[in-house]
Amino acid sequence: MAAVARCYRAPRGLLLPRAGPGLSVLAAAPSVLLQHRQVHHAVMPHGRSGRSSVSGIVATVFGATGFLGRYVVNRLGRIGSQVIIPYRCDQYDLMYLRPMGDLGQLLFLEWDCKDKDSIRRAVEHSNVVINLVGKEWETKNFSFEDEFVNIPASIAQIAREAGVETLIHISHLNASMKSPSKYLRSKAVGEKTVREEFPDAIILKPAEMFGREDRFLNHYANMRWFGGVPLISLGKKTVKQPVYVVDVAKAIINAIKDPDAKGKTYALAGPKRYLLHDLVEYIYAVSFRTFISYPLPRPLYHLVARFFEMNPFEPWLTRDKVDRFHTTDMTFPDLPGLEDLGVRPTALEEKAIEVLRRHRRYRWLDAELEEAKPAKTYPM
């Protein structure tokens, strides 16, 4: 009995059976020890809230090195979660993620997204799997079908086989088989495939996300180097409803904690809708830059984007991106949204300065946001 007492200490909240006739503490100890071995300490919440506590969440985050991924890892790390981060990039590209969790809480694992054994190693010890894998352009090795259909299907299948409790899949608000964008069509097929492989999966459909490292507000702000902003129909036939990236990260964390979220699909959009023309005009107003826009027919816009696609590195513009940015954001009144996950949507006007300050000239660097002309909103 002394040996048992030295090697095992009952966790808080776990009561040992009382000794009675025909029952001793020594006889009850083996079953308690067996139970302790079956449940790893990493999934037993304890400690005060914060990064040095244990939240009970062991999450594998695929695509953690992307735009949304850094915010999700940060939110998981600050509540004391253990995060497995599969990666394919150079190790130096992961350095900014390392301070986001307590010592030993972030585990980096090299993986091959086309190797199912590699995926299995990444999810076998997790109770939560988050799929953020995606890219805005196709390469010779990975098509949109690979990124948004085949890889998510493999992750969903293996997560189900491994007994993962929660799977969160990130799609897009405008995912539709009828979309002119191959990116959005592939997203729609991916949603259906994930739902078939993992019926209880939580699917989140965010609109275009904005934040410090985004490719939305920054994309249009950088167009000033081309002498103006080309827009199809001057952007007056396209309505956008961008969502703040931090709100999406909060929604992911809250969906993990909400047992009623399993099997649901959420439409995540900002609180306001804007004509694309008015939105880009506001971007230049906050940046204190001269706004010059001109109409450009879609075939000619595609021709210009085709030259950028010849870039052997990251293309700044693609034909698919032109179609995606000129697609009106859909509305889903029947689907739950950010409010149903306990997140208050953040308006673009509140956070645009964080993204666009670096696009200002030196004389306007410290100008207050109130000095910019407010954006015109489109009726909901």
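Residues numbered from 1 in each chain as written. Predicted model: local features only at pLDDT ≥ 70, side-chain atom pairs only at ≥ 80, totals over all residues. Heavy atoms only, no water.

Some words on the environment of Phe-332
Phase 1: Within the element layout of this structure, Phe-332 appears in the loop between α11 (319–325) and α12 (348–356).
Phase 2: Note: C-alpha distance between Phe-332 and Ala-269 (63 residues apart in sequence) is 9.9 Å.
Phase 3: Not counting residues up to four positions away in its chain, the partners in contact with Phe-332 are Leu-173, Lys-205 and Ala-267. (Helix = DSSP H or I, 4+ residues; strand = E, 2+ residues; numbered from the N terminus. Contact = heavy atoms within 4.5 Å.)

Some thoughts on the sheet that holds strand β4 (residues 128–131)
Phase 1: Within the open sheet, the seven strands sit side by side as β3-β2-β1-β4-β5-β6-β11. Their pairing is parallel. Each of the sheet's edge strands pairs with one partner strand only, and the pair in question is β3 (106–110) and β11 (265–268). Direction aside, the axes of adjacent strands within the sheet are offset by 20° on average.
Phase 2: Of the pairings in the sheet, the one linking strand β6 (residues 202–206) to β11 comprises four bridges and is parallel in character. Looking across to β11, one finds that Leu-204 is bridged to Tyr-266.
Phase 3: The sheet contacts of helix α4 (residues 116–123) involve β1 (58–62), β2 (82–87), β3 and β4, and relative to β1 the element is tilted by about 145°.
Phase 4: On the sheet, helix α5 (residues 144–161) packs against β1, β4 and β5 (166–170) and is oriented at approximately 175° with respect to β4. (Pairing = 2+ DSSP bridges. Axes fitted to C-alpha atoms, helices over the stretch in contact; angles between N-to-C directions.)

A closer look at the confidence of the model for the protein
Phase 1: When pLDDT is averaged along the protein, the result is 86, and 87% of the positions lie at 70 or above.
Phase 2: The model gives residues 1–37 a pLDDT under 50, and that stretch makes 19 contacts with residues more than four places away or in other chains. (pLDDT = per-residue confidence, 0-100.)

Considerations on the side chain of Asp-146
Phase 1: Within the secondary structure layout, Asp-146 lies in helix α5.
Phase 2: It turns out Asp-146 is buried and unbridged, and the closest side chain with the opposite charge, Lys-114, is 4.3 Å from it.
Phase 3: With residues up to four places along the chain from it excluded, the contact list for Asp-146 reads Lys-114, Asn-141, Ile-151 and Pro-152. (Buried < 20%, exposed > 50% of the residue type's maximum accessible area, 1.4 Å probe, protein only. Lys, Arg positive; Asp, Glu negative; His and termini not counted. Salt bridge = Lys/Arg side-chain N within 4 Å of Asp/Glu carboxyl O.)

Thoughts on the pairing of β6
Phase 1: Within β6, five of the five residues are buried, leaving the element largely enclosed by the surrounding structure.
Phase 2: Here β6 shows two buried faces, one formed by Ile-202, Leu-204 and Pro-206 and the other by Ile-203 and Lys-205.
Phase 3: Examined bridge by bridge, β5 and β6 share three bridges and lie parallel to one another. Each bridged residue has a counterpart across the sheet, and for Ile-170 the counterpart in β6 is Leu-204.

Remarks on a nonpolar patch on the surface
Phase 1: On the surface, a cluster of nonpolar side chains totalling about 490 Å² of accessible area is made up of Leu-300, Leu-303, Val-304, Phe-307 and Met-310.
Phase 2: In this structure, Phe-307 sits in helix α10 (residues 298–309). (Patch = residues over 30% accessible without salt bridge, like charges linked within 9 Å, V, L, I, M, F, W, Y side chains within 5 Å. Areas by Shrake-Rupley, 256 points an atom, 1.4 Å probe, with all protein chains shown as cover.)

Things to note about α12
Phase 1: Residues Leu-348, Glu-349, Ala-352, Ile-353, Val-355 and Leu-356 constitute the buried set of α12. Burial along α12 is one-sided: seen end-on, the buried residues are contained in an arc of 165°. (Arc of directions from axis to C-beta.)

Brief notes about helix α6 (residues 182–197)
Phase 1: For α6, built from 16 residues, the straight-helix expectation of 22 Å at 1.5 Å per residue is met to within 8% by its first-to-last C-alpha distance of 22 Å.
Phase 2: Check the buried side of α6 and you find it contacts α5, β5, β6 and α11.
Phase 3: Measuring from the backbone nitrogen of Tyr-183 back to the side-chain oxygen at the start of α6 gives 3.3 Å, which picks out Ser-181 as the cap. (Expected span 1.5 Å × (residues − 1). Polar contact = N/O pair within 3.5 Å; in protein donor to acceptor, adjacent residues only side chain to side chain.)

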